[in-house]
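# Notes for the structure review
This is what each chain is made of:
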Amino acid sequence: MLYKKLSFVSFIGSVFLPVRYVNAQYTVNGDVTCAAGLETCTITCSGKDQGAVNIYCNDATNCVFDCVAESCTLNARIFAQNANTLTITSTGEQCMKWSQIDAGNAENVNIVVSGTETMKNSYINARNAQFLHIQVASGGEFGQGGKDGETYNEMYVDCPRGSSYSGAYNAPCVLEMTGGDL
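Report follows, based on the coordinates. (Residues numbered from 1 in each chain as written. Predicted model: local features only at pLDDT ≥ 70, side-chain atom pairs only at ≥ 80, totals over all residues. Heavy atoms only, no water.)

Topologically, Gln 94 is positioned in the loop between β9 (85-90) and β10 (100-102). Look at Gln 94 and you get buried, because its relative accessible area is 18%. Apart from residues lying up to four places away in sequence, Gln 94 is in contact with Ser 71, Cys 72, Leu 74, Thr 116 and Glu 117. (Helix = DSSP H or I, 4+ residues; strand = E, 2+ residues; numbered from the N terminus. Buried < 20%, exposed > 50% of the residue type's maximum accessible area, 1.4 Å probe, protein only. Contact = heavy atoms within 4.5 Å.)

As for its placement among the helices and strands, Thr 42 is situated in strand β5 (residues 38-45). Residue class for Thr 42 comes out buried when judged on its relative accessible area of 16%. Setting aside residues up to four positions removed in sequence, Thr 42 forms contacts with Asn 23, Ala 24, Gln 25, Tyr 26, Val 64 and Asp 66.

Moving on, we get to the pattern of salt bridges. Taken as a whole and assessed by the stated rule, the structure comprises 2 salt bridges. Asp 158 is the salt-bridge partner of Arg 127, the closest N and O atoms lying 2.7 Å from each other. One end of the pair, Arg 127, is in the loop between β12 (123-125) and β13 (131-137); the other, Asp 158, is in strand β16 (residues 156-158), and 31 residues separate them in sequence. Arg 127 sits in the partly exposed class, given a relative accessible area of 30%. Using a relative accessible area of 10% as the deciding quantity, one classes Asp 158 as buried. Close ionic contact of Arg 161 with Asp 158 constitutes a salt bridge, the shortest N to O distance being 2.7 Å. Via salt bridges that share partners, Arg 127, Asp 158 and Arg 161 belong to a single interconnected network. (Salt bridge = Lys/Arg side-chain N within 4 Å of Asp/Glu carboxyl O.)

Using the criterion set out here, one finds 5 disulfides in the structure. Through a disulfide, Cys 67 is tied to Cys 95; the S-S separation comes to 2.2 Å. Classification of the bridge connecting Cys 67 and Cys 95 rests on its S-S torsion, roughly -90°, and on that basis the disulfide is left-handed. In this pair, Cys 67 is assigned in strand β7 (residues 62-67) and Cys 95 in the loop between β9 and β10, connecting sequence segments 28 residues apart. Note on accessibility: Cys 67 and Cys 95 belong to one class, buried. Disulfide connectivity for the protein chain, with bonded cysteines indexed by sequence position, reads 1-2, 3-7, 4-5, 6-8, 9-10. (Disulfide = S-S within 2.5 Å.)

Spelled out as structure tokens, the structure:
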């Protein structure tokens, strides 16, 4: 379901300022592509076992993905090449397992994990981003290595390279543990 709120269209002399959608909300039920020109695109995965889906943030200023259901988006791919900020919140057990996040040229990538076995065997490509912050909250398990049958479980994080970040943290790639497990 898509909700849109339009901003005002203004004329200054003979200059036309285009309409920009302020917010849109999507629910994962197959692939999701955010509409062009959004300030904020919020995508929620609340159904179990949605399987391999592709999520395209398009040019949304803020792309927000909430994974709240168990095993939602197994083997998913999130593309945020043109988003300014990508925020992923994963509270469901095994959310985003075997998934790939391509942050593209996003300025800021923020991931908050509080579900168990979250992003197990996943890959985060933030090499062209300016800042990556991963927070593993109380009860969260991020990447969880170990044996799963015959396959060794690993988590790959490709941190920003050549970043001009100069914010509150000393580095452009931060892994913050506030009570969870790696």
